[in-house]
Amino acid sequence: MPKDMMTDVSIYDRRESAARSYCRGMPASFATAKGSEVTDETGRTWIDFLAGCSSLNYGHNDPDMKAALIEHISNDGIAHGLDLHTDAKSAFLEAFEQHILAPRGMDHRVMFTGPTGANAVEAAMKIARKVTGRTNIIAFTNGFHGVTMGALAATGNGYHRGGAAMPLEGVTRMPFDGFFGEGTDTAAQLETMLGDASGGVDAPAAILLETVQGEGGLNAASAPWVKRIAEIARKHGALLIIDDIQAGCGRCGTFFSFEEMGVTPDIVTMAKSVSGFGLPMAMVLVRPDHDVFGPAEHNGTFRGNTHAFVTARVAIEKFWADDRFQKELSEKAQLIEDALSDLANMVPGARLKGRGLMRGVDVGSGELAGDICARAYEQGLIIETSGSDGQVVKVLAPLTTPKETFAKGFNILLDAADKVLAARTTIAAE
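Thresholds applied
Residues numbered from 1 in each chain as written. Predicted model: local features only at pLDDT ≥ 70, side-chain atom pairs only at ≥ 80, totals over all residues. Heavy atoms only, no water. Helix = DSSP H or I, 4+ residues; strand = E, 2+ residues; numbered from the N terminus. Rg over C-alpha atoms; globule rule 2.2 N^0.38 Å. Buried < 20%, exposed > 50% of the residue type's maximum accessible area, 1.4 Å probe, protein only. Contact = heavy atoms within 4.5 Å. Areas by Shrake-Rupley, 256 points an atom, 1.4 Å probe, with all protein chains shown as cover. Lys, Arg positive; Asp, Glu negative; His and termini not counted. Charge placed at Lys NZ, Arg CZ, Asp CG, Glu CD. Salt bridge = Lys/Arg side-chain N within 4 Å of Asp/Glu carboxyl O. Core = buried A, V, L, I, M, F, W, Y, C linked by side-chain atoms within 4.5 Å. Disulfide = S-S within 2.5 Å. Pairing = 2+ DSSP bridges. Axes fitted to C-alpha atoms, helices over the stretch in contact; angles between N-to-C directions. Polar contact = N/O pair within 3.5 Å; in protein donor to acceptor, adjacent residues only side chain to side chain. Phe/Tyr/Trp six-rings, centres within 6.5 Å; stacked < 30°, edge-to-face > 60°.

**Student:** It is not clear to me how the overall build of the protein chain should be interpreted in this structure. Could you clarify?
**Tutor:** Regarding its fold elements, the protein chain presents 14 helices and 17 strands. At 22 Å, the protein chain has a C-alpha radius of gyration in line with the 22 Å of a compact globule built from 430 residues. Counting only C-alpha atoms, the protein chain reaches 60 × 60 × 45 Å along its principal axes. Relative to its 430 residues, the protein chain shows a buried fraction of 50%. Long-range pairs, those at least 24 residues apart, make up 73% of the contacts in the protein chain between residues at least 6 apart in sequence. Accessible surface, the protein chain: about 19100 Å² in total, of which carbon and sulfur atoms supply 51%. Computing the positive centroid from 40 side-chain charges and the negative centroid from 54, the protein chain places the two 2 Å apart.

Shown next, in the form of structure tokens:
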């Protein structure tokens, strides 16, 4: 691009809110993207291991989704439809029922909320409270469910909670699986507290959890723990809500992160990659007997993004109509584990985190993880951190990333880590 046509990046400092975040560590002005790569205005290309924080599980600008969207727009298809019936919505619902819900024996109804994950969580919490007549929601340490006020009450991160500037209520925080180490059964703790009339925990409307805590540091709950939590919820008259916003849509190796855990949640929240194309879209799956909202009781002008329905249908039909894609994910998950094991072996005390294609390495220090990711960015890889101190180097590459691109990206990551560690050793020796 000619120099005189490039973005004047000073506009961001002059006019964009200080709330901006990712762009501070990745200041390039990006212009195009394809598959697992993004390119800036100068023509420099990065491999993308962030994927819109798992909003682009099928990569940038999937050609089939793009073609369907262009055709829809070119034919003057509905662009905005509130919650009216549209051909795009019905086509998505048919595909979702046929290829996702029915094969998994799920009878859930689909509620389209405002287009953010946080809005889906807000709706889920409201449903549980209306169904049960209770107000308390049990959430877990290191959980992240959004930063609107209700969802923020369930979010554990102190920095984000501080943004509320007022008390956050209606949630009881309990320890997640492994929070106190392998020797402590936190499900048993929860059961004991709920079963004791003097335990001090109000009867819950719902128990809300992520099977893999994305922003919390890739803490992965075991299947027995999740199953036990589901049993506790049922025993105490609470709904089980699984937040699959980041861990779903194939990120953990199956469409839903909980598929192989022997549980059927009462409510599932979805967003991020559910549109398939990075378009804003969120929804709540709710068992029919809990579908209690009256018309527009939870609403929003943009509930149901018609353009997202178009691309989401293609994503379902292209990747989930049979088991080929899921088998491919299993192979890639092993590739990621092998590469991250090499990274973990470079850092004393480091350990692998996560599950499936939602993996990372806890390097024990937010400063070290940040330095590794910053060096990787300089060398052509976009990758971020997560965890309570940002201590986890987290891989959220598009699920469609070719194996060759994975190898190239991990070579950059390992080289960046090697250089950062070598520099630290040199400084320590001086």
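**Student:** Explain the pattern of salt bridges to me, please; I cannot follow it from the model alone.
**Tutor:** Counted under the stated rule, the structure contains 23 salt bridges. Of the charged contacts, one joins D83 and R303 as a salt bridge, the two residues approaching to 3.5 Å between their closest N and O atoms. Residue D83 is found in the loop between α4 (63-74) and α5 (87-101), and its partner R303 is found in the loop between β12 (283-286) and α11 (306-319); the two are separated by 220 residues along the sequence. By relative accessible area, D83 is classed as partly exposed at 43%. Judged by relative accessible area, which is 14%, R303 ranks as buried. Within this structure, D62, D64 and K318 form a network of salt bridges that share partners.

**Student:** Sorry, what's going on with the nonpolar core here?
**Tutor:** Generally speaking, nonpolar side chains in soluble globular proteins are found buried as a group. Ranked by internal contacts, the top residues of the largest apolar core, which has 89 residues, are F96, F140, I229, F255 and F256. For this core, the element with the highest residue contribution is helix α14 (residues 403-429), accounting for nine residues. Excluding residues that lie within four positions of it along the chain, F140 makes contacts with R173, M174, P175, F176, L190, I207, L208, L209, Q213, W225 and I229. Membership of the second largest hydrophobic core comes to 24 residues, among which are I127, I267, A271 and A282.

**Student:** Help me understand the state of the cysteines in this model?
**Tutor:** A covalent bond between the sulfur atoms of two cysteines is what we call a disulfide. Tallied over the full model, the rule gives zero disulfides. No disulfide involves C53; its nearest neighbouring cysteine sulfur is the one of C373, lying 13 Å away.

**Student:** Looking at this structure, I do not really get the sheet that holds strand β6 (residues 171-174). What am I missing?
**Tutor:** Pairing between the strands of a sheet comes from backbone hydrogen bonds, and it takes one of two forms, parallel or antiparallel. Spatially, the seven strands line up as an open sheet ordered β4-β12-β11-β10-β7-β5-β6, and their pairing is mixed. Looking at which strands have only one partner, the edges of the open sheet turn out to be β4 (109-112) and β6. Neighbour-to-neighbour, the strand axes of the sheet open up by a mean angle of 20°, direction not taken into account. The pairing of β4 with β12 spans four bridges and is antiparallel. Bridge pairing links M111 to V284 in β12. Sitting on the sheet, α5 touches β4, β11 (267-270) and β12, and the angle it makes with β4 is about 140°. Against the sheet, helix α9 (residues 186-195) engages β5 (136-140), β6 and β7 (204-209), with an angle of about 160° to β5.

**Student:** Explain the side chain of N136 to me, please; I cannot follow it from the model alone.
**Tutor:** Following the sequence through the fold, N136 ends up in strand β5. Among the polar contacts made by the side chain of N136, one reaches the main-chain carbonyl oxygen of D202 at a distance of 2.9 Å. Those residues within four positions of N136 in sequence are excluded, and the remaining contacts are G170, V171, T172, V201, D202, A203, P204, A205 and A206.

**Student:** Is there a simple way to think about the packing of aromatic side chains in this case?
**Tutor:** Each aromatic ring pair is specified by the distance between its two centres and by the angle formed by the two planes. Within the structure shown, the criterion is met by 21 aromatic pairs. Considering the side-chain rings of F140 and W225, the 5.2 Å spacing of their centres and the 70° angle between planes classify their relative orientation as edge-to-face. In this pair, F140 is assigned in strand β5 and W225 in helix α10 (residues 223-235), connecting sequence segments 85 residues apart. Owing to a relative accessible area of 3%, F140 belongs among the buried residues under this scheme.

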